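Observations on the model geometry
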Amino acid sequence: MIHSITTTPHPDREPFTEFYAGVLVVGLEGCNLRVLVDQAETPIEELLRPYLNPANRTLCLITGLNYERHTLTAKSRIHLF
């Protein structure tokens, strides 16, 4: 469960903090990332929209993105929490 979101200039130096590069997504369900990777030209905001359920409070982290274009890559992975 997310209790709060804060920013810090050096997240990897915060005590008791694990640092992961990626995008946190709440409510993602029914998504097959391997299929979506084939749509590498589509920004993740648009690509994931049909798979977001506001009633679902699950949290996942998507890593391996092209951060300049906001798209998935062959290295993209979903990590569930």
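Anything mentioned here points back to the structure above.
Report follows, based on the coordinates. Think of each chain on its own: its residues are numbered from 1, step by step along the sequence as written. Where local features are concerned, this predicted model is filtered to residues with pLDDT of at least 70; where side-chain atom pairs are given and counted, the filter is 80 or more; whole-chain, interface and lining totals use all residues. Just so you know, side-chain values use all the structure's heavy atoms and leave hydrogens and water out.

For this analysis, a salt bridge means a side-chain nitrogen from Lys or Arg found within 4 Å of a carboxyl oxygen belonging to Asp or Glu. Scanning all chains against the criterion turns up 1 salt bridge. The salt bridge partner of R69 is E41, with a shortest N-O separation of 2.8 Å. Taken together, the residues R69 in the loop between β2 (59–63) and β3 (77–80) and E41 in the loop between α1 (33–36) and α2 (44–48) connect sequence positions 28 residues apart. Type-normalised accessible area, obtained with a 1.4 Å probe on protein chains alone, sets the label of each residue: buried when under 20%, exposed when over 50%, and partly exposed for intermediate values. Residue classification places R69 among the partly exposed residues on the basis of a relative accessible area of 42%. Note on E41: relative accessible area 62%, which makes it exposed. Segments assigned H or I by DSSP are reported as helices when at least four residues long, segments assigned E as strands when at least two residues long, and all are numbered from the N terminus.

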